[in-house]
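# Remarks on the overall topology
Letter by letter, the chains look like this.
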Amino acid sequence: MPNSTRRAADPDPAPDTVRLRGVGFGYADRPDVLRDINLSLTQGSFHFLTGPSGAGKSSLLRLMTLAERPQTGRISLFGREVADLPRGGVPAFRRRMGVVFQDFRLLDHLTAFENAALPLILAGGRTADHAADVAEMLRWVGLGQRMDALPPALSGGEKQRLAIARAVITRPRLILADEPTGSVDRAMGEKLMRLFQSLNRLGATVLIASHDEALAERVGATVLRLENGRLRQMEAAGEAA
Amino acid sequence: MIRALLSRGPGLLSREAGGERWLIVVIAVLCFLASIAAVGALAADRAAHGWARQLRAEATVQVRPRVDETGPTAAARAAETLAGVAGVAEAEAMDRKAAEALLRPWVGEAALPDLPLPYLVTVRLDPKNPASAPTLSRALAEAGLDATVDDHSLWRGEVERSAGVITALAGAAFLLIATATAAAIAYATRAGMATQASVIETLSLNGASDGYVAGLFQRRFGGLAAAAGAMGAGAAALLLALLRLIGGEGGLTSALPLAFSDLLILIACPLLAFGVALLAARFTALAKLGAHS
């Protein structure tokens, strides 16, 4: 079942940022986590990926981050088949993405500031060159007073905001966020959504995995629903703001 | 000091990477042993060359007197003949007392008076242009003397072979120690990567290449190995300097004549440890990252 989310009114559609064709994936103890997934995310689109816990949302995001490879089907990112991608080419693709992990994946031995600056450092930049940007981003997500704190000293919500700050600090072309508002209050959740929407307006493709369908409705983004390993429906709840 | 070492290094890796405390100790001990082996080889080589040089500068002549001539007379005549040969600095007939003094430790006092002793001439050769054994034999024959010249070439060859064997053994020990160091670092790299698997995955998912991740381990273990190597070499230098001071100019024993200049070779130890660690950590990290692709 194809799930094209290309905007119908777009006269000259941009190439798909993400395209999955007949993708199947599973683990040894769960062989059919994802089955025959067909999905296209056009450049500059904004989507929610919803579904109950265990539906395969995180696995789908892991495929898109190239942390896993599909057992069947094909995936292309930024117009390139990932099956043809040599291992050495993966980092360049990942630098074009910003990923918010459900478990945050912060480095506990680095300060909040260093964690947020990590993608810049890995891209070859010096922290000093981007210090102002990193500090501004941390202030924006409400961590201005916690820049020197180590992640173990942060609350769940603070960790989540830090993970988001790290994901978007490079203004990536593709943002993949796994339950990015699960640990913050509603006001902060909506503020973070506005951040994603702002980046989307600047051209980033955004896919947010969340079990909170009400949030998706409030944001008004296109909703993809994953159930029992299949993308069963696509609801056009509205255009991304 | 170990704690200080662990708190340094590339910050993207956790400061508590697995197994680094023992790694520092192991590398320091290995470098200590390598340093002792290297300086020992230098000293042994110097001793062997010294002995060979000494043997090369001397010859011993055994004179068999004619029927109409006594032994001491023949020996004296041989000494006089040899003293005139080019390349001989000094020739001296060994009297019976001197010969008995040499033999006393071996045969005891009681047997000496009845023991028939050879008539010997000790010859000190010109070190710059020593006369050869055939030259000495020819001179003695021309003087009508029946004599055998021993230029110590047999012993000299043995000593020089021994020096070669000692040097080769020291080299082999050095290679073994370097291999052990590389193995320890490879093991530590694997352990460190296992301990920091989540850190590595986070770095990779944020765009770090395999080379970048390998570089982090390279720098970390390279730095540790260099510091541990310096500790081991420093300890060895202290011990050797102490031995040299106790032993005086001749070194602790004549078999191992130490020189303060020998300690300069120890500078190479931390550098070698650093190089071995860089290679071992890089190859191990890349192999492990590649295996997980």
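In this text, all values refer to a predicted model and were calculated from it rather than measured experimentally.

Quick notes on the rules
Numbering of residues starts from 1 in every chain and runs along the sequence as written. As they are written, the chains are lettered A onward and the ligands numbered 1 onward, keeping that order. Local features in this predicted model are restricted to residues whose pLDDT is 70 or higher, and side-chain atom pairs enter the listing and the counts only when it is 80 or higher, whereas totals over whole chains, interfaces and linings include all residues. Runs of H or I in DSSP of at least four residues are treated as helices and runs of E of at least two as strands, each being numbered from the N terminus. The exposure label follows from counting other C-beta atoms within 10 Å of a residue's C-beta, where the C-beta atoms are placed from the backbone and the thresholds are 20 or more for buried and 12 or fewer for exposed, leaving partly exposed in between. Here, residues touch in the contact sense if the C-beta positions derived from the backbone fall within 7 Å of one another. Put simply, a nonpolar core is buried Ala, Val, Leu, Ile, Met, Phe, Trp, Tyr and Cys residues tied into one set by C-beta atoms within 7 Å. Convention adopted: a line fitted to C-alpha atoms gives each axis, helices being fitted over their contacting stretch, and angles between N-to-C directions are expressed from 0 to 180 degrees. An angle below 35 degrees is treated as roughly parallel, one above 145 as roughly antiparallel, one from 65 to 115 as roughly perpendicular, and anything else as oblique. Each helix crossing is assigned a hand: it is left-handed if the near helix lies turned anticlockwise from the far helix by less than a right angle, otherwise right-handed if that turn is clockwise. Think of it as three bins: nonpolar holds Ala, Val, Leu, Ile, Met, Phe, Trp, Tyr, Cys and Pro, charged holds Asp, Glu, Lys and Arg, and polar takes everything else, Gly as well. In short, DSSP must find at least two bridges between two strands for them to pair. Helix span, expected: 1.5 Å multiplied by one less than the number of residues in the helix.

To continue, consider the overall build of chain B. A tally of regular secondary structure across chain B gives nine helices and four strands. Along its sequence from the N terminus, chain B presents helices and strands in the succession α-α-β-α-β-α-β-α-β-α-α-α-α. For chain B, with 293 residues in total, the buried portion stands at 39%.

This part covers the overall build of chain A. The number of helices and strands found in chain A is seven helices and 10 strands. Counting over 241 residues, chain A shows a buried share of 45%. Relative to all contacts within chain A whose residues are 6 or more apart in sequence, the contacts with residues 24 or more apart total 70%.

Moving on, we come to the nonpolar core. Looking at soluble globular proteins, one finds that nonpolar side chains tend to be buried together. Residue and element names in this part refer to chain B. In terms of nonpolar packing, the biggest core is built from 129 residues, with Ile27, Ile185, Ala225 and Ala273 touching the most fellow members. Element by element, the count of residues in this core is highest for helix α2 (residues 20–56), at 18 residues. Among residues more than four places away in sequence, those in contact with Ala273 are Ile27, Cys31, Thr181, Ala225, Ala226, Ala228 and Gly229. Membership of the second largest hydrophobic core comes to 24 residues, among which are Ala74, Leu82, Met94 and Ala139.

Residue and element names in this part refer to chain B. It is the contact of helix α6 (residues 153–195) with helix α8 (residues 210–247), at a shortest axis distance of 11 Å, that shows an interaxial angle of 135°. Of the possible angle classes, the one that applies to α6 and α8 is oblique. Between α6 and α8 the crossing geometry is right-handed. In this structure, α6 contributes Ile185, Ala188, Thr189, Gly192 and Met193 to the contact, and α8 contributes Phe217, Phe221 and Ala225. The residue inventory of the contact of α6 with α8, partitioned by class, reads six nonpolar, two polar and no charged.

At the junction of the two partners, chain B supplies 14 residues and chain A supplies 16 residues. Taken together, the residues that form the side of chain B that touches chain A break down as five nonpolar, seven polar and two charged.

A pair of packed helices can be characterised by two numbers: the angle between their axes and the separation between those axes. All names here are of chain B. Put simply, helix α3 (residues 71–83) and helix α5 (residues 133–142) touch, their axes get as near as 10 Å, and they point 125° apart. What the angle tells us is that α3 and α5 run oblique. Helix-helix and strand crossings are classified by hand; for α3 and α5 the assignment is right-handed. Here α3 contributes Ala78, Thr81 and Leu82 to the contact with α5, which in turn contributes Leu136, Ala139 and Leu140. Taken together, the residues of the contact of α3 with α5 break down into five nonpolar, one polar and no charged.

All names here are of chain A. If you walk across this open sheet you meet the four strands as β2-β1-β4-β5, and the pairing is antiparallel. The open sheet has two edge strands, β2 (34–42) and β5 (80–81), and neither has a second partner. Summarising the sheet, strand β1 (residues 16–25) and strand β4 (residues 72–77) pair through five bridges and their orientation is antiparallel. For Arg19, the partnering residue across the bridge sits in β4 and is Ser76. Across the face of the sheet, helix α1 (residues 57–64) comes into contact with β1, β2 and β4 while running at roughly 120° to β1.

Okay, α8 of chain B next. For α8 of chain B, which comprises 38 residues, the first-to-last C-alpha distance of 53 Å matches the rise-based estimate of 56 Å (1.5 Å per residue) to within 8%. Two residues or fewer after α8 of chain B comes Gly248 of chain B, characterised by a positive phi angle close to 80°.

Before going further, it helps to examine the environment of Gly234 of chain B. Structurally, Gly234 of chain B can be placed in helix α8. Sequence-wise, Gly234 of chain B and Ile267 of chain B are 33 residues apart; in three dimensions their C-alpha atoms are separated by 9.0 Å.

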